[in-house]
Amino acid sequence: MSNDDRPESTVTPEEVGAAAVAFMDGLTEAFGLDGSSVLQVDGLELELNVDGSELGLLVGPGGRTLNAVQDLARVAAQRRLGDHETRLRIDVAGYRERREVALGKFARDVAEQVRTSGTARSLEAMSSADRKVIHDVLNDEAGVSSRSVGEDPDRRIVVDPA
């Protein structure tokens, strides 16, 4: 079914956000963790932040658990309500923001290595969200270009000298 064939959503972004908050609060409680959810709605963009202490279990190694939790929250909040328009992003304890900063630094370091050596560098396989951060940073770096190669879950970025 293409996007044009989907029925128009009859729920508001606020309703979808409230369902996502309820899901995350329930999940946090089910894990026996102490956390609180804060929702920000900007048009169709929903940003749900869970803050608290000792929330690493919800993030998991390399953010993999957080990505799975976000997918589950989408099903619980968007699909169950028949919403196909909003974009839901979940962060736990500021993990995604810290990860973006670290990936940006890493991308700039790799760009410098590629510029200095004149040799392409293949990075480790990473999620589409992490690849997007890397590509966005490298788009602003002179003397290098980037491309994705391979198929998920082994899709990776190659940084080439320009």
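Up top is the structure these notes are about.
Residue numbers run consecutively from 1 along every chain, following the written order of its sequence. Per-residue local features are limited, in this predicted model, to residues with pLDDT of at least 70; the limit for side-chain atom pairs, both in listing and counting, is 80 or more; totals at the level of whole chains, interfaces and linings are taken over all residues. For side-chain calculations, the full set of non-hydrogen atoms in the structure is used, while hydrogens and water are omitted.

> Could you clarify how one ought to interpret unusual backbone geometry in this entry?
Most peptide bonds take the trans configuration, and most residues that are not glycine carry a negative phi. With an omega of 10°, the peptide bond running from Asp152 to Pro153 counts as cis. Mapping Pro153 onto the fold places it in the loop between strand 5 (144-149) and strand 6 (156-161). Non-glycine residue Glu54 carries a positive phi angle of around 60°. The rule is simple: take the accessible area with a 1.4 Å probe, protein chains only, and divide by the maximum for that residue type; under 20% is buried, over 50% is exposed, in between is partly exposed. The exposed category is assigned to Glu54, whose relative accessible area is 71%. By the criteria applied, helices consist of DSSP H or I runs no shorter than four residues and strands consist of E runs no shorter than two, each listed in order from the N terminus.

> Teacher, can you tell me more about helix 5 (residues 128-139) here?
The periodicity of an α-helix, 3.6 residues per turn, causes residues three or four places apart in sequence to face the same way. For helix 5, built from 12 residues, the straight-helix expectation of 16 Å at 1.5 Å per residue is met to within 8% by its first-to-last C-alpha distance of 16 Å. Within helix 5 the residues assigned to the buried category are Asp130, Arg131, Val133, Ile134, His135, Val137 and Leu138. Throughout, a residue-residue contact means that at least one pair of heavy atoms, one from each residue, lies within 4.5 Å. Packing partners of the buried residues in helix 5 comprise helix 4 (95-117), strand 5 and strand 6. Working rule for helices: expected span equals 1.5 Å times residues minus one.

> Sorry, what's going on with the sheet that holds strand 3 (residues 87-92) here?
Whether parallel or antiparallel, the strands of a sheet pair through hydrogen bonds between backbone atoms. Two strands qualify as a pair provided that DSSP identifies no fewer than 2 bridges between them. Strands sit in the order 1-2-3 across an open sheet of three strands; the sheet is mixed. Each having just a single partner strand, strand 1 (34-42) and strand 3 make up the two edges of the open sheet. Across the sheet, the mean angle from the axis of one strand to that of its neighbour is 15°, orientation sign disregarded. Bridging between strand 1 and strand 2 (residues 45-53) involves nine bridges; their strand directions are antiparallel. Geometry is summarised by axes, namely lines fitted to C-alpha atoms with helices restricted to the contacting stretch, and by angles between N-to-C directions that run from 0 to 180 degrees.

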